[in-house]
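The chain contents come next:
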Amino acid sequence: MSEPILVLSHNAALSGLIARILRWREVYSTILPVNTKFSVLQEQGVKGVVLAADTPDDTLLDELDPAILQSGLPVLALGGAAPLLCRWHGGSFGPWEKTAAASVITFSDIPLFREISSGERMLHHYAALSLTDGLQPVAEADGAAVGFRHAALPHFGIQYPIERHDPDGALLLSNFALEICGAKADWNMDTIIDLALDEIRREAPAEGKILCAVSSGVDSAVCARLVSLAAGSRLRCILIDNGMFHDGEPEFIVREFQENLGITLERIDAQAEFLEAFRGVTDEKKKAQIASERMIQVLARQINDDPDVRTVVLGTNFNDTLFGQSPIPALQKATESRQPLFLQPLQNLFKDEIRRLAQALSLPGLLCLRQPFPTSGLASRIFGEVTPERLQVLRAADACLEEEIAESGFERKLWQYYSVLCQSPDMPGYYTIVLRALQAGRSTATSARLPFDLLERVSQRMLRELPGISRVFYALTPSRHYVEQE
């Protein structure tokens, strides 16, 4: 694997998007804190740096090690970071203005803009740049300079918004990495698999079991597959059944692992324990907290009670790392008497990379394409207290929705779809089902425009087949849980 292109930004979603776009172009990119010292960049062999900010009010350059900008490393400043870099070089900029219509932007004929044509672009915001000696304009919009290059240093600034599914934005990043930085396009599935297997073989103790906790998601399934390839019979694979799964889901996961992966998956029954922990709890955030804490407790017991376990493999991905969601500190505290080694072979991979890795590892399609599922499972989709009766009704509603979505051919077109259960507002003792079907957007997941006849069929089936259901609604609210994860 070649040296990385480093992304520095205060916006985790934006930095993640930039890194994912580069990796999609097979250029390895990583993300570090803004205040990372230049010596760390030297140790990692960084080939170039991308700076990204939402507005010029960002304190990005105030926290940046000046040695990075003085080193001669190629630097690309995007969005609000471009005016900041312009000012660092002695220039200035005007007010940060919002644009309601597309601007005609003209690009200079330089390698950074290779194969990117001038024309109308929606910049959303920009500030007119006043360039000093040593800075040359390379992009103009509405008669104002919106991009520049340094005459002596490989520094570039361009107020161009990097968005999902924008081929010009992807080409801009690719040109910077390949043409300006001299990076190599060698970040592919073969490389990723080799690195993961090497890490497991190198880091895991030579003796003892390697415990892998599997959920219903693709991350843990990929981890289990990698460990089985790297360590074979030393793998002990467990599924903690918290009772919050879809109907028949634990049995399905166990069967898929055994029949299609050749991995024995041990099911740990913790349903009663979780149901008791949720008793009387109605707040969604509290449910998520309880589920995470209880899951760590059950996993810690499995580790502490098995003296042969020396290594624990977790399916933490790059988004978990970016947003500080690693369970390792809590697990280390709960297993300090044993002090097992914790490995996270996927911690530098985004979700879309993990899905492609799952396909490269020949995981069954039903495991590769599983929808995102919250830690607290169905508990988070019940408004109010979690009870066995409500879980049963919600499972039946989800099964009905899933069947109709699949029959209508919308299964692959949606990022996520599910049912939510709440008490009927005007009929005590009855329930209302709220249907959710979402498509991935720029930074949120928006409600999908499902055909009315499909929604009507789902509604009629639920009212007819599910006792206790008085109303069925379709929610149009965008998802607040979606943050550039796919």
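One can find the structure itself at the top, above this paragraph.
Owing to the predicted nature of the structure, the values given are computational and were not obtained by experimental measurement.

Asker: Go over the pattern of salt bridges, please, and point to the residues and values.
Answerer: What the rule picks out here adds up to 22 salt bridges. Glu353 is the salt-bridge partner of Arg23, the closest N and O atoms lying 2.8 Å from each other. Of this pair, Arg23 sits in helix 1 (residues 12-24) while Glu353 sits in helix 14 (residues 351-360), and the two are 330 residues apart along the sequence. Put simply, Glu403, Glu404, Asp453, Arg457, Arg461, Arg464 and Glu465 are held in one network by salt bridges that share partners.

Asker: For the packing of aromatic side chains, give the residues involved together with the corresponding values.
Answerer: Counted under the stated rule, the structure contains 4 aromatic pairs. Residues Tyr28 and Trp187 carry aromatic rings whose centres are separated by 4.5 Å and whose planes lie at 40° to one another, so their mutual orientation is tilted. Here Tyr28, found in the loop between helix 1 and strand 2 (29-31), pairs with Trp187, found in the loop between helix 6 (167-180) and helix 7 (189-203); they are 159 residues apart in sequence, far enough to count as distant. Accessibility assignment for this pair places Tyr28 and Trp187 in one class, buried. With a centroid separation of 6.5 Å and an interplanar angle of 55°, the aromatic rings of Phe107 and Tyr160 are classed as tilted. You can see Phe107 sitting in strand 7 (residues 103-107) and its partner Tyr160 sitting in the loop between strand 13 (155-158) and helix 6, a full 53 residues away along the chain. Judged by its relative accessible area of 10%, Phe107 falls in the buried class. An aromatic cluster of at least three residues, connected via ring pairs, comprises Phe107, Phe113 and Tyr160.

Asker: I'd like to hear about the sheet that holds strand 13, residue by residue, with values.
Answerer: With mixed pairing, the 9 strands of this open sheet are ordered in space as 2-1-3-4-13-12-11-7-8. Both edges of this open sheet fall to strand 2 and strand 8 (119-121), since each of them pairs with a single strand only. Put simply, the sheet's adjacent strands are angled 30° from each other on average, direction ignored. Looking at chain direction, strand 1 (residues 5-9) and strand 2 are connected through 3 bridges and run parallel. Looking across to strand 2, one finds that Ile5 is bridged to Ser29. Here helix 1 sits on the sheet and contacts strand 1, strand 2, strand 3 (48-53) and strand 4 (75-79); the angle it forms with strand 2, its principal contact strand, is near 165°.

Asker: Before we move on, could you go through the layout of surface pockets and cite the residues and values that matter?
Answerer: Space inside the second largest pocket adds up to approximately 1,500 Å³. Lining of the second largest pocket is provided by 46 residues; of these, Arg355, Leu369, Arg370, Leu414 and Trp415 occupy positions nearest its centre. For the lining of the second largest pocket, the elements supplying multiple residues, two or more each, are helix 1, helix 6, helix 9 (249-261), helix 14, helix 15 (365-368), helix 16 (388-407), strand 19 (416-423) and strand 20 (431-440). For the lining of the second largest pocket, the residue count by class is 18 nonpolar, 9 polar and 19 charged.

About the cut-offs
Residues numbered from 1 in each chain as written. Predicted model: local features only at pLDDT ≥ 70, side-chain atom pairs only at ≥ 80, totals over all residues. Heavy atoms only, no water. Salt bridge = Lys/Arg side-chain N within 4 Å of Asp/Glu carboxyl O. Helix = DSSP H or I, 4+ residues; strand = E, 2+ residues; numbered from the N terminus. Phe/Tyr/Trp six-rings, centres within 6.5 Å; stacked < 30°, edge-to-face > 60°. Buried < 20%, exposed > 50% of the residue type's maximum accessible area, 1.4 Å probe, protein only. Pairing = 2+ DSSP bridges. Axes fitted to C-alpha atoms, helices over the stretch in contact; angles between N-to-C directions. Contact = heavy atoms within 4.5 Å. 1 Å grid on protein atoms, 1.4 Å probe; cavity = no way out; pocket = protein on both sides within 12 Å on 5 of 7 lines; lining within 4 Å. Points joined across faces, edges and corners; volume = space filled by probe spheres on them. Nonpolar A, V, L, I, M, F, W, Y, C, P; charged D, E, K, R; others polar.

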